[in-house]
Amino acid sequence: MTHTATQAAATGPAAPAAPPKSRTAERSLVRRALARPEIGALVAAIGVYLFFFIAAPTFRQADSFATVLYQASTMGIMALAVSLLMIGGEFDLSAGVAVTSSALTASMLSFQLTANVWVGVIVALLVSLAVGLINGLLLIKTGLPSFLVTLASFLMLQGANLAITKLLTDNVATDSITDMDGFDQAKSVFASEIGIFGVDVKITVLWWLGFAAIATWVLLRTKFGNWIFAAGGSKESARAVGVPVNLTKIALFMTVGFAAWFVGMHLLFEYNTVQAGEGVGNEFYYIIAAVIGGCLLTGGYGSAIGAVLGAFIFGMVNQGIVYANWNPDWFKFFVGVMLLLATLVNLWVRRQATRR
């Protein structure tokens, strides 16, 4: 008995049993997953895909899906830039007509100067970046909300698009530039098709995914990404810790300008001519895609992946309605429903993520 007591004293008190793996770790993992801005859009995208997969047999075909991706890509490239701007706490209501302005600039300049189309492409890039720069500078210098600054830009660009096009072409559309030098090379960059597993896929899909990868890397792995979140969350606090808020916001507006240029070049070389009145209203679709993807209207929260999913949902609804032989007039109704549901889902997800 003495030996037993001595042995027990030597070994010390028994170690407490390891607590069973409770649900705490699981809840923590779930909260981290729910905290991701794109989780609501991912659930919605899966739901919309399954719905049209069942409701529209044509939707299941590979070439039909390629068309869905194409529709998503042209909106998605702009939605990426707009989502970055929204994370930074600002809006750009001129984004839709800026796409048309870029295409008109490249087309009319090349045609009027009888120059290589790449001259027009480069000048259009400079003009688009300048529009973004001016929007950013006006925002900073005047202190006005970006809503008002870019609304003014929207109206000015819309009026200039129509007035200058009529002045130079005596029409509301530009002349065709298909027979001009450099057209084929530019078309291969902005509007060609690539065969993937026997299906022709628009090159804009690859550009879209490439831009999404870059935007995700910038947001999550770079100092500039931290600046974007900080500037959108609280610019006063961001300035207090050394974040160049003004420079960040100007760069984001110029990023929207770059995206508008790229999509404008695609439209030009895909259709060869541009209507001066196009693009009006598209700015709301870009913002809606970003919101569906998890961006908050108050800034400081969102992701590039969410913008991709938001645009993908747009593409599926846009083409799915056609494949299901429904009246396309219902498209905007579905957009409104998606916006409302996405906002509610994102609100619920954030509450679940922050609940103890």
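Worth saying up front: this structure is predicted, and the values here are computed from it rather than measured.

Novice: Sorry if this is basic, but what is going on with the overall build of the protein here?
Specialist: When helices and strands are counted, the protein shows 15 helices and two strands. Sorting the 356 residues of the protein into buried and exposed places 46% on the buried side. Within the protein, counting contacts between residues at least 6 apart in sequence, those at least 24 apart form 76% of the total.

Novice: It is not clear to me how the packing of helix H4 (residues 62-87) against helix H9 (residues 203-221) should be interpreted in this structure. Could you clarify?
Specialist: When two helices pack together, their arrangement is captured by the angle between the axes and the distance separating the axes. Contact geometry of H4 with H9 gives a least axis separation of 8 Å together with a crossing angle of 20°. On the basis of the axis angle, H4 is roughly parallel to H9. As H4 runs across H9, the sense of the crossing is left-handed. Across from Leu69, Tyr70, Ala72, Ser73, Gly76, Ile77, Leu80, Leu84 and Ile87 in H4, the residues of H9 making contact are Thr204, Val205, Trp207, Trp208, Phe211, Ala212, Ala215 and Leu219. Within the contact of H4 with H9, the residues separate by chemical class into 14 nonpolar, three polar and no charged.

Novice: Sorry, what's going on with the side chain of Thr169 here?
Specialist: Mapped onto the elements, Thr169 comes out in helix H7 (residues 146-169). There is a polar contact of 3.4 Å between the side chain of Thr169 and the backbone oxygen of Ala173. Not counting residues within four places of it along the chain, the set of residues in contact with Thr169 comprises Met108, Thr174 and Asp175.

Novice: In this structure, what is going on with unusual backbone geometry? I would like to understand it.
Specialist: Excluding glycine, most residues fall at negative phi; most peptide bonds, likewise, are trans. One non-glycine residue with positive phi stands out, namely Phe197, at about 55°. Here Phe197 shows up in the loop between strand E1 (193-196) and strand E2 (199-202). Despite not being glycine, Asn272 has its phi angle at roughly 75°, a positive value. Structurally, Asn272 is set in the loop between helix H12 (245-271) and helix H13 (282-292).

Novice: Just checking my understanding: could you explain the packing of aromatic side chains for this structure?
Specialist: Here the distance between the centres and the angle between the planes together describe a pair of aromatic rings. The final tally for this structure, using the stated rule, is 22 aromatic pairs. Residues Phe224 and Trp227 carry aromatic rings whose centres are separated by 6.3 Å and whose planes lie at 75° to one another, so their mutual orientation is edge-to-face. With a gap of three residues between them, Phe224 and Trp227 both fall in helix H10 (residues 223-233), about one helical turn apart. On the accessibility criterion, Phe224 (26% relative accessible area) is partly exposed. Ring-pair connections join several aromatic residues into one group, and the members of that group are Tyr49, Phe51, Phe52, Phe53, Phe59, Phe65, Phe312, Tyr323 and Trp326. Above the face of the Tyr70 ring, Lys202 is positioned so that its terminal group lies 5.8 Å from the ring centre.

Novice: Would you explain H13 in this entry?
Specialist: Helical periodicity: at 3.6 residues per turn, an α-helix aligns residues three or four positions apart in one direction. Burial within H13 is extensive, with nine of its eleven residues counted as buried. Along H13, the residues classified as buried are Glu283, Tyr285, Tyr286, Ile287, Ile288, Ala289, Ala290, Val291 and Ile292. Immediately downstream of H13, the backbone of Gly294 shows phi near 110°, a positive value.

Novice: Mind showing me how you'd approach the pattern of salt bridges here?
Specialist: Pairing between side chains becomes possible if they bear opposite charge and their charged atoms approach one another. Under the defined criterion, the tally for this structure stands at three salt bridges. Residue Glu90 is joined to Lys249 by a salt bridge in which the shortest nitrogen-to-oxygen separation is 2.8 Å. Linking Glu90 in the loop between H4 and helix H5 (95-113) with Lys249 in helix H12, this pair joins segments that are 159 residues apart in sequence. The pair Glu90 / Lys249 is uniform in exposure class, with both members buried. Among the salt bridges present, the one from Lys202 reaches Glu193, with a minimum N-O distance of 3.7 Å. Judged by relative accessible area, which is 13%, Lys202 ranks as buried. Connected through salt bridges with shared partners, the residues Glu193, Lys202 and Glu270 form a single ionic network.

Quick notes on the rules
Residues numbered from 1 in each chain as written. Predicted model: local features only at pLDDT ≥ 70, side-chain atom pairs only at ≥ 80, totals over all residues. Heavy atoms only, no water. Helix = DSSP H or I, 4+ residues; strand = E, 2+ residues; numbered from the N terminus. Buried < 20%, exposed > 50% of the residue type's maximum accessible area, 1.4 Å probe, protein only. Contact = heavy atoms within 4.5 Å. Axes fitted to C-alpha atoms, helices over the stretch in contact; angles between N-to-C directions. Parallel < 35°, antiparallel > 145°, perpendicular 65-115°, else oblique. Left-handed = near helix turned anticlockwise from the far one by under 90°. Nonpolar A, V, L, I, M, F, W, Y, C, P; charged D, E, K, R; others polar. Polar contact = N/O pair within 3.5 Å; in protein donor to acceptor, adjacent residues only side chain to side chain. Phe/Tyr/Trp six-rings, centres within 6.5 Å; stacked < 30°, edge-to-face > 60°. Lys NZ or Arg CZ within 6 Å of the ring centre and 35° of its normal. Salt bridge = Lys/Arg side-chain N within 4 Å of Asp/Glu carboxyl O.

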